[in-house]
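# Chain and residue survey
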Amino acid sequence: MGAGIAQVAAAAGHPVKLLDNRPGAAEKAVEGIRAQFAKLAEKGKISAEAAQAAGARLIPVEQLADLADAGLITEAIVENLEAKQKLYADLEAIVGPDCIFGTNTSSISVTAIGAALKRPERLAGLHFFNPAPLMALVEIVSGLATDQAIADTLFATAAAWGKTPVHAKSTPGFIVNRVARPYYAEALRLAQEGAADYATIDAVMREAGGFRMGPFELMDMIGHDVNFAVTNSVWRAFYNDQRFLPSLIQQELVDAGFYGKKSGRGFYDYREGAVRPTPRIEAAQAPVGKITVYGESGAAEALAERLETCSLSFSRAPANDGRIAEIGRAVLAVTDGRSATQRAFETGVANLVLIDLARDYTTAGWLAVAVAEQCEPEAAQAAIGLLQAAGFTVCRLADIPGLAVMRTVAMLANEAADAVNQGVCSATAADSAMRLGVNYPQGPLAWADQVGLPTIRTVLANLGASYGEDRYRISPLIQRQFFAGKKIHD
Ligand SMILES: NC(=O)c1ccc[n+]([C@@H]2O[C@H](COP(=O)([O-])OP(=O)(O)OC[C@H]3O[C@@H](n4cnc5c(N)ncnc54)[C@H](O)[C@@H]3O)[C@@H](O)[C@H]2O)c1
C-alpha cells in the first residue's frame, strides 16, 4: 500500500521519501514505482518526460530523521496500534509543527493512534484502497481530536491527486469496511441455510444484482484470513452487535487454512486441474397459460416490455395485491422479505413464485426465484417458463426469506443508513464510498431510494420477523424518512 500511495503522490508532482524498516524494501519499492511509470509511458498514458520526472521525485531513505522536512507523513506499516503510535510519537519529535500525519490504517481507531501524540489534532486517517493508483476512493477519517482544518487539507490534497475523498468519523470499519459487511454476511447466511451453492449465488449477485464479483469469489480473492479478521474486528468493536456476527462457514475455512485463491482453496478450488462449478439454472419450461401483467411497478413494466419483445401475448390489469404477473394458475410477485411459503399461507395464494430484486429488470440476464411449498409443480414450471420466455436465465433458490439480491441490498442500505444516522458520514459520502471503494454498481442508499424505502423497510421488517433477530432491526434513518414520506437523498 505504501508504494501505491507514494506512486500517487509522486505522479501528482510531490517529492516523496519512502522509508521501510525492512532493509532494501524502500529501494525496491522505488524501483517498482519507476517501472510502473515507465509502463504508463509505454502505453501512452503519460509522456516519457513525465514518467522520468515522476520517478526522479522518489527518494528512498533509511532513518526517520530523513523525514524532518516532510509536510505530510503517511504511514502504511503493519496494522498494529502500538507500532503506529510509536512511529508517529517518534516522528513528532523530528518534524516541524505544520507536518500533517495521515494514517492509512484500515481498522484501527484514528482516535487511539492519536492518543499517543502530544498534538493529536494533526493526525487523520488517509485511507486508500488497494491498488491505490487505480482506486479512486480515499476515506479521510477524523478522530476525536482531529482538527477539522487538517481533515479538510487532506481532503483537498487527495482531490488534487485525482482521487475522490469522502469524510468519515473514526468508528469501526469507517465507511467501506463497515457498510460492506452484509455483502459477505448475507451470502454466508444464504449458503448456511442451503439457499443454493456458491456458484449459483455468485452468479445471481453478478448477473441479476449487477455486482462486479459475487460474494464468494470476492471473499476468496480478498483471502478468508483477512476478510474474517475484518469481520471479527468490526463485530468486536461494536460490542458483538448481531448485525456484524461472523459466520461459522468462514471460521471453518480459516481453521482449515483454506484462505481462498492465495492458498489454492476457499469456497472454490484453485488447484491445478480443479473444475470450477457452474451455477445451477432451471431447465427450459414452457410458458403455459394465460398471461396477465399487473400494475406499473418497475418489475411489471420491465416484464411487459420484455414479453412484447419476444411477442408473447398478455393482458394488463391494475395493481392488485403486490402480484406483478399471472400465468395460468401461477402468481408472480417480487419478494417482500417473507418466504414464498409464508406469503402463500398469509395471502391464500398457494401457487406463488417470488422473484428476487434485479439491478435493472429491463436489462438483467438472470433472475432468482423462490417457490412456495404449497405451489403446484405445473404452476411453478409455468412461472419459470414465463420468465425464461422474457429472456431471463432463472435460478431457483430454496425458499429463504428475502432471496439473495433483495436481502443483500436491503441490509447494505440499512448499514449505510445507520452510519449516516450516527454521523459517521453523509449519505452522498456513503454512496460514493461503496461505488468507488468496492465497485458497487450503485450506492446502497441511492439504490434503496430507487427500489423504494417502503419496500426496503418492509423487507427488513419481514426478515426481522422471520428470524427473530435484532440483526435485521431497521435503521432509525430509514424509519424517519419513511414516516416523513421522503427518500434518503431528499
Ligand atoms: N492491503 C490492503 O488492501 C490495504 C488497504 C488499505 C489499507 N491498508 C493498510 O495499510 C497498511 C499496510 O498494509 P499492507 O497490506 O501494505 O502491508 P504490508 O505488510 O504489505 O506492508 C507493510 C510494510 O511496512 C513495513 N513496516 C512494518 N513496520 C514498520 C515500521 N515500524 N516502520 C517502517 N516500516 C514498517 C514492512 O516492512 C512492510 O514493507 C496497514 O495499516 C493496512 O491496514 C491495507
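Look up a bit, the structure's there.
The following paragraphs examine the structure supplied in this document. Note that the coordinates shown come from a computational prediction; the quantities given were computed from them, not determined experimentally.

So, how was this worked out
- Residues numbered from 1 in each chain as written.
- Predicted model: local features only at pLDDT ≥ 70, side-chain atom pairs only at ≥ 80, totals over all residues.
- Heavy atoms only, no water.
- Pairing = 2+ DSSP bridges.
- Helix = DSSP H or I, 4+ residues; strand = E, 2+ residues; numbered from the N terminus.
- Axes fitted to C-alpha atoms, helices over the stretch in contact; angles between N-to-C directions.
- Contact = heavy atoms within 4.5 Å.
- Buried < 20%, exposed > 50% of the residue type's maximum accessible area, 1.4 Å probe, protein only.
- 1 Å grid on protein atoms, 1.4 Å probe; cavity = no way out; pocket = protein on both sides within 12 Å on 5 of 7 lines; lining within 4 Å.
- Points joined across faces, edges and corners; volume = space filled by probe spheres on them.
- Nonpolar A, V, L, I, M, F, W, Y, C, P; charged D, E, K, R; others polar.
- Near = heavy atom within 4 Å.
- Polar contact = N/O pair within 3.5 Å; in protein donor to acceptor, adjacent residues only side chain to side chain.
- Areas by Shrake-Rupley, 256 points an atom, 1.4 Å probe, with all protein chains shown as cover.

A word on the sheet that holds strand 3 (residues 72–75). Spatially, five strands are ordered 3-4-5-6-7 in an open sheet, and the strand pairing comes out mixed. Each edge of the open sheet carries a strand with a single partner, namely strand 3 and strand 7 (164–169). Across this sheet, the average inter-strand angle for adjacent strands is 30°, counted without regard to direction. Relative to strand 5 (residues 123–128), strand 4 (residues 100–103) runs parallel, the two sharing three bridges. Looking across to strand 5, one finds that G102 is bridged to A124. Contacts between helix 17 (residues 427–437) and the sheet are confined to strand 6 (137–142) and strand 7, with strand 7 contributing the most and set at about 125° to the helix.

Glancing now at the environment of R480. Tracing the chain through its elements places R480 in helix 20 (residues 476–483). Residues R480 and T455, 25 residues apart in the sequence, show an inter-C-alpha distance of 14 Å.

Burial analysis of strand 10 (residues 323–327) places five of its five residues in the buried class, which makes it a mostly covered element. Relative to strand 10, strand 8 (residues 291–294) runs antiparallel, the two sharing three bridges. Residue pairing for strand 10: T292 is matched across the bridge by E326. Here four bridges tie strand 10 to strand 11 (residues 330–334), and the two strands are oriented antiparallel to one another. Along strand 11, the bridge assignment pairs I327 with A330. In this antiparallel pair of consecutive strands, strand 10 and strand 11, the connection spans two residues, and G328 shows a positive phi of 55°.

Let us look at empty space enclosed by the protein. According to the stated counting rule, one finds three cavities of 30 Å³ or more in the structure shown. If you add up the space inside the largest cavity, you get close to 60 Å³. Lining the largest cavity, in full, are R181, Y184, A185, L188, T231, R243, F244, L245, P246, S247 and Q250. Here the residues of the lining of the largest cavity sort into six nonpolar, three polar and two charged.

Once that is clear, we can look at the site of the ligand. Around the ligand, the surrounding shell holds 15 residues, and the nearest of these are D20, R22, E79, K84 and S106. Residue E79 places a side-chain N or O atom 2.5 Å away from an oxygen atom belonging to the ligand. Between an oxygen atom of the ligand and a side-chain N or O atom of N104, the distance comes to 3.0 Å. Coverage of the ligand by the protein chains reaches 68% of its 830 Å² of free accessible surface. Classifying every residue of the shell around the ligand gives five nonpolar, six polar and four charged.

A few words now on the side chain of E326. Locating E326 in the fold gives a position in strand 10. One polar contact links E326 to Y294, side chain to side chain, over a distance of 2.9 Å. Within the structure, the side chain of E326 is placed 2.5 Å from the side chain of R323, a separation counted as a polar contact. When neighbours within four sequence positions are excluded, E326 is seen to be in contact with K290, I291, T292, Y294 and V331.

Any functional reading would require information beyond the geometric quantities listed.
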